[in-house]
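Residue-level structural notes
Each chain, letter by letter, is given below.
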Amino acid sequence: MRDRYALALGDDALILAQRLGEWVARAPELEEDVALANIALDLLGQARSLLTYAGELEGAGRDEDALAYWRDDRDFRNVLLVELPGGDFAVTMARQLVFAAYQYELYDRLRASTDDTLAAVAGKAVKEVHYHRDHATQWVLRLGDGTDESHRRMAAGLETVWPYVDELFEPFDGADVDPAALREPWQAYVGAVLAEAGLEPPATGQHRTGGRRGLHTEHLGYLLAEMQHLHRSHPGATW
Amino acid sequence: MTSQWPLWEVFVRAKRGLSHIHVGSLHAPDAAMAVRNARDVYTRRGEGVSIWVVPSDQITASSPDEKDAFFDPAGDKVYRHPTFYEVPAEAKHL
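Residues numbered from 1 in each chain as written. Chains lettered and ligands numbered in written order. Predicted model: local features only at pLDDT ≥ 70, side-chain atom pairs only at ≥ 80, totals over all residues.

For chain A, the helix and strand inventory stands at 8 helices and 0 strands. Taken over the C-alpha trace, chain A has a radius of gyration of 17 Å; the compact-globule value for 239 residues is 18 Å, and the two agree within 12%. Its C-alpha atoms give chain A principal-axis dimensions of roughly 55 × 40 × 30 Å. Per-residue burial for chain A yields a buried fraction of 42% across its 239 residues. Taking contacts inside chain A between residues at least 6 apart in sequence as the whole, the part at least 24 apart equals 75%. (Helix = DSSP H or I, 4+ residues; strand = E, 2+ residues; numbered from the N terminus. Rg over C-alpha atoms; globule rule 2.2 N^0.38 Å. Buried ≥ 20, exposed ≤ 12 C-beta atoms within 10 Å, placed from the backbone. Contact = placed C-beta atoms within 7 Å.)

Right, here's the structure in full:
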């Protein structure tokens, strides 16, 4: 059970790290390139710890690389939100706000887990994610409360990611932290940011789900092709 | 981008007791973002405990043309240097 939990949290971090890495050399300014790369590297570090631990718990001899590079999309357990294409900068910031606010509440509670490894990973990661949440908050405030164009784009970004919010809080068998318990504090934080930014939480009737069961969007396959290609072509490659 | 973000000078204090040192400059849309960008660009490897940012256009600098008038007269006046005191070994960062 717990290996599946560690795997799901690790996959969330790994896939979002890959998505954020796509911004490098493409962000609006050099400084933002560096910021997004830093956040991606934080997430990659979390993914490494979590996947390594998931492999140990599974006991089948798979290490972090085996799990990251030798699984196909149906075996990934990340939520759909993190695999969505980056879109424009506002879509990326909308996802960052939604996901970092969720991950912050999650890690904050996971620190008290009876599982020493998960508690240790969470204890380190919660500081990183606190900054990720702040970074996204700063941008959502500026874009939402900026020009007409930035407001329009930020609102459109929220519309894009909102159908994927509910999945974050779905029950997870064997979870150390009940995802449903994160919804209220998440709502309080994100709601306050949106209100200050002059943005409305989108009213969406759509609720997309399936990532935790391996039922992904078409986007994940392309992401994995790029991420896994080198390792599969040259197994064991290092530099 | 039709217009670039304004430029900020970044000062980082390496640890308590030391003063802020100029480490470089960066672009940011406003002061709050400049502090965050400075955190990402200049303190990724544990370089600091405190950051200052200052709008670059708020700095008034001495002119290179005035270099001789400004600095040369200080060159040959050794009696202005406090070199005749013994500095106690315990006084660090003096």
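Its identity as a non-glycine residue notwithstanding, A25 of chain A has a phi of 75 degrees, on the positive side. For A25 of chain A, the position within the fold is in the loop between α1 (2-21) and α2 (30-58).

Helices that pack against each other are described as a pair by the angle of their axes relative to one another and the distance between those axes. For the pair α2 of chain A and helix α1 (residues 31-42) of chain B, the least separation of the axes is 9 Å and the interaxial angle reads 65 degrees. As summarised for this structure, α2 of chain A and α1 of chain B are arranged roughly perpendicular, according to the angle between their axes. Classified by chirality, the crossing of α1 of chain B by α2 of chain A is left-handed. Along its contact with α2 of chain A, which presents E31, V34, A35 and N38 of chain A, the element α1 of chain B presents N37, D40 and V41 of chain B. (Axes fitted to C-alpha atoms, helices over the stretch in contact; angles between N-to-C directions. Parallel < 35°, antiparallel > 145°, perpendicular 65-115°, else oblique. Left-handed = near helix turned anticlockwise from the far one by under 90°.)

Attention shifts here to the interface of chain A and chain B. Many structure descriptions define interface size as the accessible area lost when the parts assemble. Every contact between the two is made by 9 residues of chain A and, on the other side, 13 residues of chain B. Only α2 and α5 (116-144) of chain A provide two or more residues apiece to the side of chain A that touches chain B.

Here chain B averages 88 in pLDDT, while 97% of its residues score no lower than 70. Our summary of model confidence lists the complex with pTM equal to 0.89 and ipTM equal to 0.79. (pLDDT = per-residue confidence, 0-100.)

Take the pairing of strand β1 (residues 7-13) of chain B next. Residues and elements named next belong to chain B. Side-chain alternation along β1 places W8, V10 and V12 on a buried face and L7, E9, F11 and R13 on a face that remains uncovered. Pairing of β1 with strand β2 (residues 21-27), which is carried by 6 bridges, proceeds in the antiparallel orientation. Bridge pairing links E9 to S25 in β2. Inspection of the sheet shows β1 paired to strand β3 (residues 50-55) by 6 bridges, in the antiparallel sense. Each residue of the ladder has a partner; that of W8, found in β3, is P55. (Pairing = 2+ DSSP bridges.)

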